[in-house]
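A look at the structure
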Amino acid sequence: MFENVKNFILRNGLWIAISAIVVVILAPQLSELRMMVLIVFIELIALALSGIASFVYTKVDFIESRSYNALGAIFLGVHFLVGLGVVGLYYAV
C-alpha cells in the first residue's frame, strides 16, 4: 500500500508541485476557481468520451490495417470536438 502511494507521488510530484505554485502565485478569487473547476470537469468529460471511443474502436485491429496513429487520432478528435462544443456553447450563451 505504502509503495503504491510512494510510486504515485514520484510519478506525479512535479506537476502537482507546479500546480500548487501556480495556484499560490495567481491567488484565484471565487469566480476563477469556478472556471478552473469547470475546465477540469469538461476535460474529464472529454477523457471519458475518448475512453469510450477507444473502447468501441479497439475492436478493430489497428495493427493489421497498419494504422498505428488511430488511437491518437481518436483522442485528438474527441478533444477537438469537445472544444468546439464548449466554444459553441460559450458564444451561444
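Residues numbered from 1 in each chain as written. Predicted model: local features only at pLDDT ≥ 70, side-chain atom pairs only at ≥ 80, totals over all residues. Heavy atoms only, no water.

1. Quick look at the nonpolar core
Core analysis: the biggest nonpolar cluster contains 5 residues, these being Ala46, Ala53, Ile74, Val78 and Val82. Counting residues per element, this core draws most heavily on helix H3 (residues 70-92), at 3 residues. Once residues within four sequence positions are removed from consideration, Val82 is found in contact with Ile42, Ala46 and Leu49. (Core = buried A, V, L, I, M, F, W, Y, C linked by side-chain atoms within 4.5 Å. Buried < 20%, exposed > 50% of the residue type's maximum accessible area, 1.4 Å probe, protein only. Helix = DSSP H or I, 4+ residues; strand = E, 2+ residues; numbered from the N terminus. Contact = heavy atoms within 4.5 Å.)

2. Re the environment of Ala53
With respect to the secondary-structure elements, Ala53 resides in helix H2 (residues 30-57). Residues Ala53 and Phe75, 22 residues apart in the sequence, show an inter-C-alpha distance of 8.1 Å. Contacts of Ala53, omitting those with residues within four sequence positions, involve Ile74 and Val78.

3. Details of a nonpolar patch on the surface
Side chains of Met35, Leu38, Ile39, Phe41, Ile45, Leu49, Ile52, Phe55 and Val56 sit close together on the surface and give an oily, nonpolar patch of about 880 Å² of accessible area. By the element assignment, Ile45 lies in helix H2. (Patch = residues over 30% accessible without salt bridge, like charges linked within 9 Å, V, L, I, M, F, W, Y side chains within 5 Å. Areas by Shrake-Rupley, 256 points an atom, 1.4 Å probe, with all protein chains shown as cover. Salt bridge = Lys/Arg side-chain N within 4 Å of Asp/Glu carboxyl O.)

4. A closer look at the side chain of His79
Structurally, His79 is set in helix H3. A residue is classified by how much of its surface remains accessible, and His79, at 19% relative accessible area, is buried. For His79, the side chain forms a polar contact with the main-chain oxygen of Phe75, separated by 3.0 Å. Excluding residues that lie within four positions of it along the chain, His79 makes contacts with Glu43, Ala46, Leu47 and Ser50. (Polar contact = N/O pair within 3.5 Å; in protein donor to acceptor, adjacent residues only side chain to side chain.)

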